[in-house]
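What follows is the residue order along each chain.
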Amino acid sequence: MRLGSRSSNEFIHLLNEKNESIQKAFLPKIIDFTKMIDVKVMMGDSTVTEQKTFDPKLISDYFQKINDSLKEWSVQDVSITNNQDVRRIFTKFEIKEGSYLLSGHLSLQFHVLLYYKPVQRVIDCQKELSEIVDLTKNEQEQFSDNSDQIVLNKLKELGYKDFDHQKLFEVFYENDEFREKVFEEIQKETNVDFQELSEKKSKLFSELDSLLVETYQTSNVLIDDPRLVAGEEGCLLTLDLEFIKNGNREGVFDPRKMSDSTKENILKRLSELETIIKL
């Protein structure tokens with residue numbers, strides 16, 4: 001049973017009040033830890049601008065502090081999803097009281113925006129890449145025209161004068177020695193080492209990747225599970241109470257059958273959680 005669900009039962013009503021109180025304590029903490037700051041970044045067109053961001057580590061540390069304070073609870077490690085543009089920091093915890101399991105889930109979901117560091121090397125790398133693209137484009141056009149003639153000349157030397165495209169394919173790709181000779185002749189016809197340029201281009205792209213900087217955006221709102229799954233920004237705190245029967249969890253149960261001591265202990269656990277949330 002998800003706390004916050006409607007019920008006429010007095011105990012469930014008390015649980016819902018506690019849940020609402022915990023939610024109200026949680027949101028201001030998240031708002032405080034996601035305060036935005038301005039950072040300078042570079043756009044893809046080399047324009048330097050300011051972008052707002054927050055530090056996700058503050059959220060991770062806050063969740064870890066909560067886990068560390070839940071002494072008798074079973075807690076999961078604070079985790080971060082690794083999606084490229086939408087990420088989530090979350091943790092879960094639970095505790096058993098009698099035949100009932102009280103569990104909680106904390107999350108912050110946010111978007112990641114990529115920019116470049118505002119450094120001259122970014123511009124230099126982009127310029128070098130542009131020069132390589134222009135050079136290879138021009139050379140490849142000339143290379144293509146010349147290579148066709150070289151292949152035809154080599155085939156004529158081998159006695160192939162009248163052949164269809166299928167025969168050309170068979171000769172070129174089944175005769176390793178002939179293919180290697182043709183490639184050597186073609187390479188002589190250009191002053192550009194395409195393999196070297198390709199390696200240089202890969203290194204430049206790799207260097208540009210190392211110059212990327214992430215910024216983070218979220219919304220200061222509480223969201224529910226469907227909105228979390230849909231990838232919406234915001235924070236989530238859910239609490240569930242389940243009945244353990246034969247090792248299975250059941251979300252539907254009769255709260256009137258709960259002992260007074262179990263009810264009291266569950267309320268105490270929620271009060272404990274609220275105090276920790278406020279730390």
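Residues numbered from 1 in each chain as written. Predicted model: local features only at pLDDT ≥ 70, side-chain atom pairs only at ≥ 80, totals over all residues. Heavy atoms only, no water.

## Let's talk about the nonpolar core
For step 1, the next point in the chain: Residues Phe26, Leu241 and Ile277 are the most contacted members of the largest nonpolar core, which totals 37 residues.
For step 2, the next point in the chain: Elements with a contribution of two residues or more to this core: α1 (10-33), α2 (56-69), β5 (86-97), β6 (100-116), β8 (234-245) and α8 (260-278).
For step 3, the next point in the chain: Counting residues per element, this core draws most heavily on α1, at eight residues.
For step 4, the next point in the chain: With 10 residues, the next largest nonpolar core counts Met42, Ile132, Leu204 and Leu208 among its residues. (Core = buried A, V, L, I, M, F, W, Y, C linked by side-chain atoms within 4.5 Å. Buried < 20%, exposed > 50% of the residue type's maximum accessible area, 1.4 Å probe, protein only. Helix = DSSP H or I, 4+ residues; strand = E, 2+ residues; numbered from the N terminus.)

## Overview of the pattern of salt bridges
For step 1, the next point in the chain: Scanning all chains against the criterion turns up 20 salt bridges.
For step 2, the next point in the chain: A salt bridge links lysine 18 to glutamate 274; the nearest nitrogen and oxygen atoms lie 3.7 Å apart. Separated by 256 residues along the polypeptide, lysine 18 in helix α1 and glutamate 274 in helix α8 bring together distant segments of the chain.
For step 3, the next point in the chain: Owing to a relative accessible area of 23%, lysine 18 belongs among the partly exposed residues under this scheme.
For step 4, the next point in the chain: Among the residues examined, glutamate 274 registers a relative accessible area of 11% and is labelled buried.
For step 5, the next point in the chain: Beyond isolated ion pairs, a larger network of salt bridges with shared partners links Glu72, Glu97, Arg269 and Glu272. (Salt bridge = Lys/Arg side-chain N within 4 Å of Asp/Glu carboxyl O.)

## Observations regarding the packing of α1 against α8
For step 1, the next point in the chain: It is the contact of α1 with α8, at a shortest axis distance of 9 Å, that shows an interaxial angle of 10°. Between α1 and α8, the angle falls in the class roughly parallel. Counting all contacts with α1, which are made through Phe11, Leu14, Leu15, Lys18, Ser21, Ile22, Ala25, Phe26 and Lys29, the residues of α8 involved are Lys263, Ile266, Leu267, Leu270, Ser271, Leu273, Glu274, Ile277 and Lys278.
For step 2, the next point in the chain: Broken down by class, the residue content of the contact of α1 with α8 amounts to 11 nonpolar, two polar and five charged. (Axes fitted to C-alpha atoms, helices over the stretch in contact; angles between N-to-C directions. Parallel < 35°, antiparallel > 145°, perpendicular 65-115°, else oblique. Contact = heavy atoms within 4.5 Å. Nonpolar A, V, L, I, M, F, W, Y, C, P; charged D, E, K, R; others polar.)

## Comments concerning the environment of glycine 44
For step 1, the next point in the chain: Relative to the elements of secondary structure, glycine 44 occurs in the loop between β1 (37-42) and β2 (48-53).
For step 2, the next point in the chain: The class for glycine 44 is exposed, based on a relative accessible area of 56%.
For step 3, the next point in the chain: Expressed as a C-alpha distance, the spacing of glycine 44 and leucine 114, which sit 70 residues apart in the sequence, is 9.8 Å.
For step 4, the next point in the chain: When near neighbours in sequence (up to four residues on either side) are disregarded, glycine 44 contacts Tyr116 and Gln126.

## Focus on the packing of α2 against α8
For step 1, the next point in the chain: α8 packs onto α2 with a crossing angle of 145° between their chain directions and a minimal axis gap of 9 Å. In this structure, α2 crosses over α8, and the sense of that crossing is right-handed. Here Tyr62, Ile66 and Ser69 of α2 come into contact with α8, specifically with Glu272, Ile276 and Ile277.
For step 2, the next point in the chain: Within the contact of α2 with α8, the residues separate by chemical class into four nonpolar, one polar and one charged. (Left-handed = near helix turned anticlockwise from the far one by under 90°.)

## Describing the environment of serine 79
For step 1, the next point in the chain: Relative to the helices and strands, serine 79 resides in strand β4 (residues 79-80).
For step 2, the next point in the chain: According to the relative accessible area criterion, serine 79 is partly exposed, its value standing at 28%.
For step 3, the next point in the chain: Once the C-alpha coordinates of serine 79 and serine 60 are considered, the two residues, 19 residues apart in sequence, prove to be 8.1 Å apart.
For step 4, the next point in the chain: Ignoring anything within four residues of it in the chain, the contact list for serine 79 reads Arg88, Ile89 and Phe90.

## As for the packing of aromatic side chains
For step 1, the next point in the chain: Within the structure shown, the criterion is met by nine aromatic pairs.
For step 2, the next point in the chain: With 5.6 Å between their ring centres and 80° between their planes, phenylalanine 54 and phenylalanine 110 make a pair best called edge-to-face. Taken as a pair, phenylalanine 54 in the loop between β2 and α2 and phenylalanine 110 in strand β6 lie far apart in primary sequence, 56 residues in all.
For step 3, the next point in the chain: For phenylalanine 54, a relative accessible area of 4% puts it in the buried group.
For step 4, the next point in the chain: Note on phenylalanine 110: relative accessible area 2%, which makes it buried.
For step 5, the next point in the chain: Both rings, one in tyrosine 62 and one in phenylalanine 63, keep their centres 6.0 Å apart while their planes meet at 40°; by these two values the pair is tilted. (Phe/Tyr/Trp six-rings, centres within 6.5 Å; stacked < 30°, edge-to-face > 60°.)

## Here's the deal with the pairing of β5
For step 1, the next point in the chain: Here strand β3 (residues 74-75) pairs with β5 via two bridges, running antiparallel. Note on β5: the bridge partner recorded for serine 74 is glutamate 94.
For step 2, the next point in the chain: Bridge count for β4 against β5 is two bridges, and the pairing is antiparallel. The residue of β5 that forms the bridge with isoleucine 80 is isoleucine 89.
For step 3, the next point in the chain: Connecting β4 to the antiparallel partner β5 that follows it, the hairpin turn spans five residues.
For step 4, the next point in the chain: As paired elements, β5 and β6 share 12 bridges and run antiparallel to each other. Bridge pairing in β6 links isoleucine 89 to leucine 108.
For step 5, the next point in the chain: In sequence, β5 turns back onto β6 through a hairpin of two residues, with glycine 98 there showing a positive phi of about 60°. (Pairing = 2+ DSSP bridges.)

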